[in-house]
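Spelled out, the chains give:
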Amino acid sequence: MIDKLAKAEDPRHEQLVDEPIVVAYFLLALGYLALSMLAGLLMATQLVHWNPLNGIELLSPGRWRMIHTNVVAYGFLANAFLGALHWSVPRLVLKPVLDRRLSWFILVAWQVVLLCTFFGIVFGPTLQANIAALERLPFSLGAQGIEWGETPTWIDPLALAGLLLVAVNFMGPIVRTKGPMYVSAWYFIAAFVWTFLTYAMGNFLPQYWLAGTSAGAVGGLFIHDLVGLFVTPLGWGLVYYFVPILLQKPIWSHGLSLVGFWGLAFFYPLNGIHHFLYTPIPMFLQYGAIISTIAVEMVVTTVIVNFFATIWGSGRQLITNLPVRWFYTGMVFYGLTCLQCAMQTTLTFQALIHFTDWVVGHAHMVMFGVFSLWLLGIMTYLFPRLWRTEWYSKELLEYHYWLSSVGLLVMAADLILLGPFQGYYWASLQPWEVSVDGSQPFWMLRVFAGLAMLAGQLCFFYNIYMTWRRSRAQGVPVSTGTQQAPPAEVAPQA
Amino acid sequence: MSTQRKPFHTRSVVVALMALAILVPSLYGFGTKFLEFIALYRGDADGAFAISPILNYLLASLGFLFLFGWAVMSGMFHDIERPKYTMLENEARLDHSAPPNSRGQFGGSLGRRLSGEADLPYSSRFRDPHEHD
């Protein structure tokens, strides 16, 4: 009777999902997460004068700060998103990616881009200063002078080509889907188009065509579009996919989810200049960015309301179902960060917190508190499915969750609280050193919060290793995405 | 799975109210500012600054405006709640055909639900009994 429900033409999971590439992306992502967190720790110890590597040029915190931000965006988030997409897109549209070999080529090419970025940022300036042949090059081997776009200029074309291939590989199956699309597919389509355009805009326009405040304005757009048009649509697309599956009930209102999606599509792209309020960029542009930011924050409330209406009546899952807890913790942080964003883009608020650690706290809450938590939740859910075995230790999973989320909460609260202190120090026109001294207790607490988050990840890494060993001991097979369904198991039409 | 839901018309009203309360003022504020940008570009000496954000916005959004028009014309929103059931139905089919040890440990696998509800069509198992669309 059960078999009658499956149609003969239904694809099977093994035909759709290339599981080894999902695992490979996740493990690479976690490796980059560790590297990024170590780089962040280096910067944090520098600020409290505890840097044990002081004086070593190649490990200077200025360079490793760029490693911290770039590796978390392009190393951890991008790889983890790609892994999750290789699971979710084929299952969502019931078609495999365009070409499995292209998927593996992209995986390798993207790691080349990341390694070149790492090499360029850490070694580029030193090599170019010491080797005469390299000094004469018409471009810098080191970081590009654009925030979040420090990827060296010589690797930008390859990175852009990689993003195009990613779009082609995933859009192929999505556009061949018949009938109304689920909201995740809309978000994924948007992300593939926007990420390509955003990367091109942010890395090429200020480098080759624009200068001065115009370049600054585009830089502002790039910083924020990177979060809002690359990370946000992929993150929401995945959460809209995984949460109903985990809760085993549909999203509360698909119509409301589409209101959120189209609102994001039309209001987001002008936001970025709010990063440069009170700068020489004309005020009418700054006002425009403020208005559109507040419009987006209002749209975001539809998404949050929708997810909390979905879990209504299933609240116990927040205790018993760890991936669900990861997702909803991320949503709480998302709500907080969007509320914070709507406030901090007003000129009144900016006058106090501009250039302070408030912004750093906000950035950590967005990148780790929201999107990293979601991705860690996805990994917590998928590793047992990918390796056909239960987690080695549920206790370590709990440690991972609590150390990550509480560590992030402490770090973000600490830095956000520090912001007004710094703002008032500067507004009172006291010497700069006074504000630095006043920041020390906050910065020390930040080091310990970061160590807690790092400890949480170490628990996760050990748990993954032991789970993998257990799966190897059991000798379970994995799907490579190429298997044909055995004819005997294909049920006849009901 | 819980199938006890509020009647669908309540949900429709909530969605419509949220859409109106959020989209109308947002659209008004955003649209007014965008028109100001265009006016500045035409009439102000510093108006050249407005070109890059306008172009950036049009580049990112015009395509989506066409996509939205295409989606409306091709009936993507006729049965607007249907895709959320289709997605879960597809997941159930895929999990049902997967080996038992590949369904994870967090209850996310929908395939096992088939065993108790095998005689029902897929949509009956996920659809809100009060929902009419």
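For every chain, the first residue of the written sequence is number 1, and numbering continues from 1 onward in sequence order. Chains carry letters from A onward and ligands carry numbers from 1 onward, assigned in written order. At least 70 in pLDDT is required for a residue's local features to be given in this predicted model, at least 80 for side-chain atom pairs to be given and counted, and no such filter applies to totals for whole chains, interfaces and linings, which use all residues. By convention in this description, side-chain values take in all heavy atoms of the structure and omit both hydrogens and water.

A. Highlighting the overall build of chain A. On a plain count of helices and strands, chain A comes out with 17 helices and 0 strands. Put simply, chain A has 494 residues, and 62% of those count as buried. Note on contacts: a residue pair is in contact if any heavy atoms of the two residues lie within 4.5 Å. In chain A, once contacts between residues fewer than 6 apart in sequence are set aside, the share between residues at least 24 apart is 83%. Values of accessible area rely on a 1.4 Å probe in the Shrake-Rupley scheme; residue burial ignores everything except the protein chains shown. Accessible surface computed for chain A: about 18,200 Å², of which carbon and sulfur atoms make up 70%. A helix here means a DSSP run of H or I that spans at least four residues, while a strand means a run of E at least two residues long, and both kinds are numbered starting from the N terminus. Exposure is judged per residue with a 1.4 Å probe applied to protein chains only, and the accessible area is read against the type maximum: over 50% gives exposed, under 20% gives buried, and values in between give partly exposed.

B. Inspection of helix α3 (residues 19-47) of chain A at higher detail. Over its 29 residues, α3(A) runs 42 Å from end to end, which matches the ideal 42 Å to within 8%, given 1.5 Å per residue. Positive backbone phi, at 65°, marks A:His49, one or two positions downstream of α3(A). A helix's residues, less one, multiplied by 1.5 Å, set its expected span.

C. Representation of the confidence of the model for chain A. The predictor attaches a confidence to each residue, and that confidence, scored 0 to 100, is pLDDT. With 94% of its residues at a pLDDT of at least 70, chain A reaches an overall mean of 89. Here residues 484-494 of chain A is a poorly scored stretch, pLDDT under 50, and it has 18 contacts once near neighbours within four places are set aside; other chains count.

D. Summary view of the pattern of salt bridges. For salt bridges, the criterion is a side-chain nitrogen of Lys or Arg within 4 Å of an Asp or Glu carboxyl oxygen. For the structure on display, the rule yields 12 salt bridges over all chains. The partner of A:Arg12 in a salt bridge is A:Glu14, with the nearest N and O atoms 3.1 Å apart. When its relative accessible area of 14% is taken as the criterion, A:Glu14 is described as buried. Salt-bridge contacts for B:Arg82 lead to B:Glu89; the nearest nitrogen and oxygen are separated by 2.7 Å.

E. Structural detail: helix α9 (residues 212-247) of chain A. Residue and element names in this part refer to chain A. Given a rise of 1.5 Å per residue, 36 residues ought to cover 52 Å, and the 51 Å separating the end C-alpha atoms of α9 matches this to within 8%. Along α9, the largest kink reaches about 40° and is centred on Asp225. Among the residues trailing α9, Gln248 stands out with phi positive, at a value near 60°. For a residue, the bend is simply the angle between two axes, fitted respectively to the seven-residue segment ending there and the seven-residue segment starting there.

F. Highlighting the nonpolar core. The nonpolar core is taken to be a set of buried Ala, Val, Leu, Ile, Met, Phe, Trp, Tyr and Cys residues, with the residues joined through side-chain atoms within 4.5 Å. Of all hydrophobic cores here, the largest spans 177 residues; its most connected members are A:Phe76, A:Phe192, A:Trp236, A:Phe242, A:Phe307, A:Phe327 and A:Met379. In terms of residue count, the dominant contributor to this core is α9(A) (21 residues). If you count residues domain by domain, this core takes at least three from each of domain 1 (8-73) and domain 2 (82-126) of chain B. All domain edges in this entry derive from an automatic or database-based domain assignment.

G. Local environment of empty space enclosed by the protein. Residue and element names in this part refer to chain A. Using a grid of 1 Å spacing that covers the protein atoms alone, one calls a set of points a cavity when a 1.4 Å probe fits there but cannot get out, and a pocket when the set is open and has protein on both sides within 12 Å along at least five of seven lines; lining residues are those with an atom within 4 Å of a point. Grid points are joined across faces, edges and corners, and a volume is the space filled by probe spheres set on the points. In the structure shown here, the tally under the stated rule is 7 cavities of 30 Å³ or more. In this structure, the largest cavity spans a volume of roughly 230 Å³. Sorting the residues of the lining of the largest cavity by element identifies α4 (61-93), α5 (100-130), α7 (156-175), α8 (183-209) and α9 as the ones contributing at least two each. Here the element with the most residues in the lining of the largest cavity is α4; it accounts for 5 residues.

H. Spotlight on a nonpolar patch on the surface. Residue and element names in this part refer to chain A. Taken together, Leu53, Ile56, Leu58, Phe119 and Phe123 make up a surface patch of nonpolar side chains, about 360 Å² in accessible area. Mapping Phe123 onto the fold places it in helix α5. For Phe123, a relative accessible area of 30% puts it in the partly exposed group. In this scheme, patches are assembled from residues that exceed 30% relative accessible area and form no salt bridge. Like charges are connected within 9 Å, while nonpolar side chains (Val, Leu, Ile, Met, Phe, Trp, Tyr) are connected within 5 Å.

I. The packing of aromatic side chains, seen in detail. The pairing test for Phe, Tyr and Trp rings, Trp by its six-membered ring, is centres within 6.5 Å, and the orientation test on the planes gives stacked under 30 degrees, edge-to-face over 60, and tilted for anything in between. The final tally for this structure, using the stated rule, is 39 aromatic pairs over all chains. Ring centres of A:Phe170 and A:Phe192 lie 5.5 Å apart, and the angle between their planes is 5°; on these two criteria the pair is classed as stacked. One end of the pair, A:Phe170, is in helix α7; the other, A:Phe192, is in helix α8, and 22 residues separate them in sequence. Here a set of aromatic residues connected by ring pairs shows up, and it is made of A:Trp186, A:Tyr187, A:Trp236, A:Tyr240, A:Phe261, A:Trp262, A:Phe307, A:Tyr334, A:Phe371, A:Trp374, B:Phe68 and B:Phe77. The rule for a charge over a ring is simple: NZ of Lys or CZ of Arg within 6 Å of the ring centre, and within 35 degrees of the ring normal. Looking at A:Arg325, its charged tip hangs above the ring of A:Tyr401, at a distance of 4.8 Å from the centre.

J. Highlighting the environment of A:Leu403. Residues and elements named next belong to chain A. Within the fold, Leu403 resides in helix α16 (residues 394-427). Expressed as a C-alpha distance, the spacing of Leu403 and Leu451, which sit 48 residues apart in the sequence, is 9.2 Å. Ignoring any residue separated from it by four or fewer positions in sequence, one finds Leu403 in contact with Leu408, Ala452, Met453, Ala455, Gly456 and Cys459.

K. Representation of the packing of α7(A) against α8(A) within the structure. Residue and element names in this part refer to chain A. Orientation is described by axes fitted as lines to C-alpha atoms, over the contacting stretch for helices, and by angles from 0 to 180 degrees between their N-to-C directions. For the pair α7 and α8, the least separation of the axes is 10 Å and the interaxial angle reads 165°. Here α7 is positioned roughly antiparallel relative to α8, judged by the angle of their axes. Between α7 and α8 lies a crossing whose hand is left-handed. Residues Asp156, Pro157, Ala159, Leu160, Leu163, Leu164, Val166, Ala167, Phe170, Met171 and Ile174 of α7 touch α8, and the partners they reach there are Ala185, Phe188, Ile189, Phe192, Val193, Thr195, Phe196, Tyr199, Ala200, Asn203 and Phe204. Residues were grouped as follows: Ala, Val, Leu, Ile, Met, Phe, Trp, Tyr, Cys and Pro as nonpolar; Asp, Glu, Lys and Arg as charged; and all remaining residues, including Gly, as polar. When grouped by side-chain class, the residues that make up the contact of α7 with α8 number 19 nonpolar, 2 polar and 1 charged. Comment on the angle field: the value is read as roughly parallel under 35 degrees, roughly antiparallel over 145, roughly perpendicular from 65 to 115, and oblique elsewhere. For any helix crossing, the convention is left-handed if the near helix is rotated counterclockwise from the far helix by under a right angle, and right-handed if that rotation is clockwise.

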